[in-house]
Amino acid sequence: GDQVEQSPSALSLHEGTGSALRCNFTTTMRAVQWFQQNSRGSLINLFYLASGTKENGRLKSTFNSKESYSTLHIRDAQLEDSGTYFCAAEDSGGSNYKLTFGKGTLLTVTP
Amino acid sequence: NSKVIQTPRYLVKGQGQKAKMRCIPEKGHPVVFWYQQNKNNEFKFLINFQNQEVLQQIDMTEKRFSAECPSNSPCSLEIQSSEAGDSALYLCASSPTGYYAEQFFGPGTRLTVL
């Protein structure tokens, strides 16, 4: 099965509202990254976490390695937040540092 | 955000042709990764390097791809004989170390194999 299970696969928000994305891990991960992929395909780094919680503007992310999950909270959504969001994690048992990605959440923000 | 440079942005090849793409990692980042993202948003790790040395590569990469990261030159990934199933976005990432380090991605090379 997939090592990284991301949900929901799609999410629609009205401007000004918020929601949360979640990734569950089936193995112990040592760090997680969250990305936004824009319409041109570029992956924009949002967060890197080895533990705990980070906040940046309207975004907040938490990584709990013990309980094997990470979340990304978006508040006061804006039109430019639309895109596909991916979590990706580094397996703590791995020795080559590669990231394993979730399948993404397609976020659509509407006026 | 990221300073990783990838060229070309788009590549169109016929089946059986070679397809070569390049990546310049961020300055000071000795670790370079190549990933393939297909149209179903599935990412596949292909190969990674630390300086000029291969750290790990998957079976497919070993058999059908050639990749290198020479000193003072761009890294490259080349598919020796393109197949329709190779059509995908190829992403290069770099990081300052391999372990517990954030990876920064380039804009990708979108390969279409006709």
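About the cut-offs
- Residues numbered from 1 in each chain as written.
- Chains lettered and ligands numbered in written order.
- Predicted model: local features only at pLDDT ≥ 70, side-chain atom pairs only at ≥ 80, totals over all residues.
- Heavy atoms only, no water.
- Buried < 20%, exposed > 50% of the residue type's maximum accessible area, 1.4 Å probe, protein only.
- Helix = DSSP H or I, 4+ residues; strand = E, 2+ residues; numbered from the N terminus.
- Pairing = 2+ DSSP bridges.
- Core = buried A, V, L, I, M, F, W, Y, C linked by side-chain atoms within 4.5 Å.
- Contact = heavy atoms within 4.5 Å.
- Buried area = accessible area lost by both parts, 1.4 Å probe.
- Salt bridge = Lys/Arg side-chain N within 4 Å of Asp/Glu carboxyl O.
- Nonpolar A, V, L, I, M, F, W, Y, C, P; charged D, E, K, R; others polar.

K.L.:
Please explain the pairing of strand β3 (residues 19–24) of chain B as it appears in this structure.
P.N.:
Every regular strand shows the same layout, with side chains that alternate between the two sheet faces. Residues and elements named next belong to chain B. Here β3 shows a buried face lined by Ala19, Met21 and Cys23 and an unburied face lined by Lys20, Arg22 and Ile24. Sheet topology places strand β1 (residues 5–7) next to β3; three bridges connect them, and they run antiparallel. Looking at β3, one finds that threonine 7 is bridged to arginine 22. Relative to strand β8 (residues 75–79), β3 is paired through five bridges, and the arrangement is antiparallel. Paired with arginine 22 across the two strands is serine 76, which belongs to β8.

K.L.:
When you look at the nonpolar core in this model, what are you seeing that I'm missing?
P.N.:
It is characteristic of soluble globular proteins that their nonpolar side chains tend to be buried jointly. If you look at the biggest cluster of nonpolar residues, it comprises 22 residues, and the most contacted ones within it are Phe25, Val32, Trp34 and Leu72 of chain A. Elements supplying a minimum of two residues to this core: β2 (10–14), β3 (19–25), β4 (29–37), β5 (43–49), β7 (59–64), β8 (69–74), β9 (83–91) and β11 (105–110) of chain A. Contacts of valine 32 of chain A, omitting those with residues within four sequence positions, involve Phe25, Phe47, Tyr48, Leu49, Phe63, Ser70, Cys87, Ala88 and Ala89 of chain A. In this structure, Val4, Val32, Phe104 and Leu111 of chain B belong to the second largest nonpolar core, which totals 21 residues.

K.L.:
Is there a simple way to explain the interface of chain B and chain A in this structure?
P.N.:
Many descriptions give the size of an interface as the accessible area lost when the pieces come together. In this complex, chain B contributes 24 residues to the contact, which on the side of chain A involves 23 residues. Together chain B and chain A conceal approximately 2100 Å² of surface at their shared face, both sides included; 53% is due to carbon and sulfur atoms. Inspection of the region where chain B meets chain A yields one salt bridge. As a salt-bridge pair, glutamate 42 of chain B and lysine 103 of chain A come within 3.9 Å of each other at their nearest N and O atoms. Taken together, the elements giving at least two residues each to the side of chain B that touches chain A come down to β4 (31–37), β5 (43–50), β6 (53–57), β9 (88–95) and β10 (104–105) of chain B. The element best represented in the side of chain B that touches chain A is β5 of chain B, accounting for four residues. When the residues that make up the side of chain B that touches chain A are grouped by side-chain class, the tally is 13 nonpolar, eight polar and three charged.

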